[in-house]
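Summary of structural features
One letter stands for each residue in the lines below.
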Amino acid sequence: MLDTLVSKKINHPLQPLVPEEIASVVQTLRTEKHLGKEVRFISVALKEPSKQEVNDFKSNQEIGRKAFVVLFDNLVNECYEAIVSIYDETVLAWKHIPGVQPTMSADEQIECEAAVLNSEKFREALKAYGVNDISLVMVDIWSAGYYGNEEEGTMRLARPLCFLRTDPTDNGYARPIEGVRPVVDLNTMKVIRVEEYGFVPLPPEPGNYAAHRMTNFRSDIKPLEITQPDGPSFTVEGYQVSWQKWNFVIGFNPREGLTLHQLSYKDKGEVRSILYRASLSEMVVPYGDPTDTQKRKNAFDTGEYGMGTCANSLELGCDCLGYIRYFDAHMTDSRGNPLTIKNAICMHEEDYGILWKHTDRRLNKPEVRRSRRLVISSVSTVENYEYGFFWYLYQDGNIQLEIKLTGILSLAAFQPGLKPKYGNLVAPGLYAPNHQHFFNVRCDFDLDGEENAVYEVNVVADELDERNSFENAFYAKSTLLETESQARANLNLASSRYWKIVNHKRKNRVGEPVAYKFLGGDNCIPFASKNAWWRKRAGFVEHHVWVTPFDEKENYAAGDYPNQSQGGDGLIKWTANDRPINDTDIVFWYTMGHTHIPRPEDYPVMPTAYIGFLLKPLGFFDENPANDVPPSPSKSASNGKSCCH
Ligand SMILES: [Cu+2]
């Protein structure tokens with residue numbers, strides 16, 4: 001039996017699995033299922049208890065813990081799902097999921113690279129590129145996708161991209177080996193063929209950015225230090241966090257990475273729930289170049305690679321400033337060995353300028369409050385690209401998600417003297433194809449309880465009649481969304497469209513149902529045809545907004561297994577049922593896209609691009625909830641009086 005010490009470490013039913021629990025789950029499965037050595041542990045994560053159980057949980061109550069495990073047997077090309085009762089050391093459920101390919105594991109990335117480098121066929125194909133030292137070749141796994149070929153439906157495949165370094169710390173992405181595409185069977189870990197598409201010279205120049213390779217740094221930056229002499233304003237117990245009036249639980253799993261749970265705000269002493277769970281449900285990066293070496297490129301970074309699996313350990317860099325609280329992420333490698341990503345999640349406070357201000361002209365007395373926000377973040381490296389996920393909580397009840405896109409573009413070598421049509425040159429002989437990044441975020445609202453409804457709100461210009469004699473009138477028109485098909489919609493600049501998540505049972509001071517407003521940020525629509533394979537597989541890009549009734553089985557916008565999927569799963573399938581969504585437990589799904597037409601300035605490493613959304617209270621509170629934020633102490637006045645800036 002697991003040591004009672006372990007259960008003492010767990011004080012909330014949604015707390016991610018601890019290493020001892022993970023080890024026990026692996027052992028239970030090995031013992032009970034006699035797993036062969038060809039079986040990989042794709043993911044071992046907490047099986048979240050039902051909403052009812054979580055909401056009924058009282059502190060110090062004993063917690064029954066379960067794990068949800070995805071396994072893959074390379075010997076027979078079969079995927080399995082298991083549910084394990086951790087303290088009973090019993091497999092509660094074991095299911096073969098036919099015809100699917102789960103997420104590729106980090107081990108497969110490493111093994112795939114080694115397999116390609118050891119392949120005679122590959123070495124033969126490299127001869128034209130003058131590669132003398134094979135260890136300088138980089139092989140990035142890249143998912144194979146599905147394009148109607150039999151092998152894509154029956155094998156576990158990768159179609160890696162390859163690059164050449166000049167030495168081990170060189171940025172290899174600067175020299176893509178463009179004409180060579182190995183195809184790897186991940187079950188046998190063998191190169192099944194090497195496709196050759198004609199010779200393209202390696203770009204002539206290096207493209208380095210690492211500090212030790214830079215020769216000239218600007219010299220005019222003075223130190224900027226954030227000090228919090230009395231410590232932070234948050235308290236943490238396990239993975240439960242309280243910060244001013246906010247309360248929530250931090251979660252993490254290999255697939256979605258960082259998740260937020262049971263987010264609530266204390267309003268006049270009452271803890272009011274807002275979100276039950278918020279997470280990145282899927283993402284896809286389709287490329288827009290039709291040439292033979294580029295046309296298959298797309299990546300479902302969550303469902304094919306695992307955003308949690310790819311999370312960075314943040315202790316090594318300078319990702320956050322100020323007083324920082326880190327949280328570790330625990331998982332396994334694909335052989336079931338425990339693996340901890342130290343400091344995978346960073347939490348800290350930031351000054352965010354002015355929260356509110358007014359100067360009474362007659363008194364010449366300004367009232368101003370500084371805005372403080374709590375940042376909960378995680379950064380993942382998916383081969384060449386970085387994605388940062390930053391949740392911000394504000395004192396005025398705002399909740400924001402900002403996704404930061406940085407890292408290195410997916411680059412291609414280009415015939416010298418020619419100009420690319422489907423991308424831009426970023427250096428001589430080196431080009432970056434156009435692409436888009438689509439993210440889908442799942443927000444399970446429990447606004448003052450589970451029974452919620454959603455309105456689409458459009459601002460419309462009024463009729464030109466005698467009531468509108470100056471032709472200036474406009475108003476917000478709210479339409480209640482009754483069913484899933486009615487809820488599918490895009491952002492609309494022409495009507496300043498937003499959405500309102502409400503609880504009809506609870507009214508605010510002015511008699512309206514309490515609500516939160518969903519405001520999309522930068523967004524786009526896909527440019528690939530509706531028949532493009534990637535688009536059929538990523539049905540969630542068809543609309544920006546989707547609303548579904550809560551179903552614990554519906555978590556990932558492109559379905560449970562998008563790797564090599566043939567399409568039609570996820571939101572597009574579920575919402576075809578056109579279920580009612582009024583006054584029930586609803587889930588709001590938002591798809592946001594970033595169209596990336598690369599610039600020379602995105603090379604060699606990309607300055608961060610941002611995309612996100614904002615949730616604002618809309619009559620959720622009776623008045624500005626940040627009215628009670630005290631003035632900041634003055635820095636300039638020696639008399640200790642309040643400050644004015
Ligand atoms: Cu991009």
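For the structure given in this document, a descriptive report is provided here. (Residues numbered from 1 in each chain as written. Predicted model: local features only at pLDDT ≥ 70, side-chain atom pairs only at ≥ 80, totals over all residues. Heavy atoms only, no water.)

1. Describing the pairing of strand 7 (residues 161–164)
Along strand 7, one buried face is formed by Leu161 and Phe163 and the opposite face, lined by Cys162 and Leu164, is buried too. In this sheet, strand 7 lies alongside strand 5 (residues 137–140) in antiparallel orientation, the contact comprising four bridges. Counted as the bridge partner of Asp140 is Leu161 from strand 7. (Buried < 20%, exposed > 50% of the residue type's maximum accessible area, 1.4 Å probe, protein only. Helix = DSSP H or I, 4+ residues; strand = E, 2+ residues; numbered from the N terminus. Pairing = 2+ DSSP bridges.)

2. Here's the deal with helix 4 (residues 106–117)
An α-helix turns once every 3.6 residues. As a result, residues three or four positions apart point the same way. With twelve residues, helix 4 should reach 16 Å at 1.5 Å per residue; the first-to-last C-alpha distance of 17 Å fits that figure. Among the residues of helix 4, those classed as buried are Asp107, Glu108, Gln109, Cys112, Ala115, Val116 and Leu117. (Expected span 1.5 Å × (residues − 1).)

3. Looking at helix 2 (residues 19–33)
Compared with an ideal rise of 1.5 Å per residue, which puts 15 residues at 21 Å, helix 2 spans 21 Å between its outermost C-alpha atoms and is within 8% of the ideal. When helix 2 is considered as a whole, its buried residues turn out to be Glu21, Ile22, Ser24, Val25, Val26, Thr28 and Leu29. A positive phi of about 45° marks His34, the residue just after helix 2.

4. Details of the side chain of Gln564
Inspection of the secondary structure puts Gln564 in the loop between strand 29 (545–549) and helix 10 (571–574). For Gln564, a relative accessible area of 5% corresponds to the buried category. Only 2.8 Å separates the side chain of Gln564 from the backbone oxygen of Glu152, close enough to count as a polar contact. Setting aside its immediate chain neighbours within four residues, Gln564 contacts Gln101, Gly145, Tyr146, Glu151, Glu152, Met155, Arg156, Leu157, Glu304 and Arg537. (Polar contact = N/O pair within 3.5 Å; in protein donor to acceptor, adjacent residues only side chain to side chain. Contact = heavy atoms within 4.5 Å.)

5. Section: unusual backbone geometry
Following Tyr603, the chain continues to Pro604 via a peptide bond in cis, the omega torsion being 0°. Here Pro604 shows up in the loop between strand 30 (584–596) and strand 31 (606–617). In this model, Glu383 sits at a positive phi of 50°, which is unusual for a non-glycine residue. The phi torsion at Glu471 lies on the positive side, around 55°, for a residue other than glycine.

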